[in-house]
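Working through the structure, step by step
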Amino acid sequence: MAYLTDRKRAVGMGAAKSGPHHHWNMIVSSVALLILVPLFIFTFGPMLGAPHADVVAYFARPFPAIVAGLTIAVGFMHFKNGAQVAIEDYTDGLTRQVLIIAVTCISYAAAATGLFAIARIAL
């Protein structure tokens, strides 16, 4: 039998035990996207409407490929975390678990597909 006060049991737990960590991840990925999205627009924009060979040659260079890859990776992880928070807020039970697993799988699959496409072009 443990003799802990209610306050001692609650210290560090937060409302859902991982709320501050989730919130901090969302802030960090938001700031990263604030930098990456304009960079992506300025690197991707000039290639709109260009012939396929020019686009492949452009994204074979390191900077555009890295910017596109980082934007894809950070963007989909931000989407996964945001969708997970929304699912946790509005569902419960088995539905919550299934939806979180589905969103996580979709996010990782989309990120992997995008990164594979960028790697295929860049290498």
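Residues numbered from 1 in each chain as written. Predicted model: local features only at pLDDT ≥ 70, side-chain atom pairs only at ≥ 80, totals over all residues. Heavy atoms only, no water.

**Overview of the nonpolar core**
Judged by nonpolar contacts, Met47, Tyr58, Phe59, Ala65, Ala68, Ile72 and Ile118 together constitute the single largest core of 7 residues. At the level of secondary structure, the elements contributing two or more residues to this core comprise α3 (52–59) and α4 (62–90). Tallying contributions element by element places α4 first for this core, with 3 residues. Contacts of methionine 47, omitting those with residues within four sequence positions, involve Asp54, Val55, Tyr58 and Phe59. (Core = buried A, V, L, I, M, F, W, Y, C linked by side-chain atoms within 4.5 Å. Buried < 20%, exposed > 50% of the residue type's maximum accessible area, 1.4 Å probe, protein only. Helix = DSSP H or I, 4+ residues; strand = E, 2+ residues; numbered from the N terminus. Contact = heavy atoms within 4.5 Å.)

**Here we look at the environment of isoleucine 121**
Position of isoleucine 121 relative to the elements: it lies in helix α5 (residues 93–122). Those residues in contact with isoleucine 121 that sit more than four places away from it in its chain are Val56, Phe59 and Ala60.

**So, the environment of alanine 111**
Along the chain, alanine 111 turns up in helix α5. Through-space distance from the C-alpha of alanine 111 to that of phenylalanine 76 is 6.0 Å; in sequence the pair is 35 residues apart. In this view, alanine 111 contacts Ile72, Phe76 and Met77; residues no more than four positions away in its chain are not counted.

**Notes on the side chain of lysine 80**
Along the polypeptide, lysine 80 turns up in helix α4. Buried lysine 80, no salt bridge; nearest opposite-charge side chain is glutamate 88, N-O distance 9.1 Å. There is a polar contact of 3.1 Å between the side chain of lysine 80 and the side chain of asparagine 81. Among all residues touching lysine 80, those that are not within four sequence positions of it are Val103, Thr104, Ser107 and Tyr108. (Lys, Arg positive; Asp, Glu negative; His and termini not counted. Salt bridge = Lys/Arg side-chain N within 4 Å of Asp/Glu carboxyl O. Polar contact = N/O pair within 3.5 Å; in protein donor to acceptor, adjacent residues only side chain to side chain.)

**Thoughts on the confidence of the model for the protein**
Residues at a pLDDT of 70 or more form 89% of the protein, whose mean pLDDT is 90. Taken element by element, the predicted model of the protein shows its lowest mean pLDDT in helix α1 (residues 6–10) (70) and its highest in α5 (97). (pLDDT = per-residue confidence, 0-100.)

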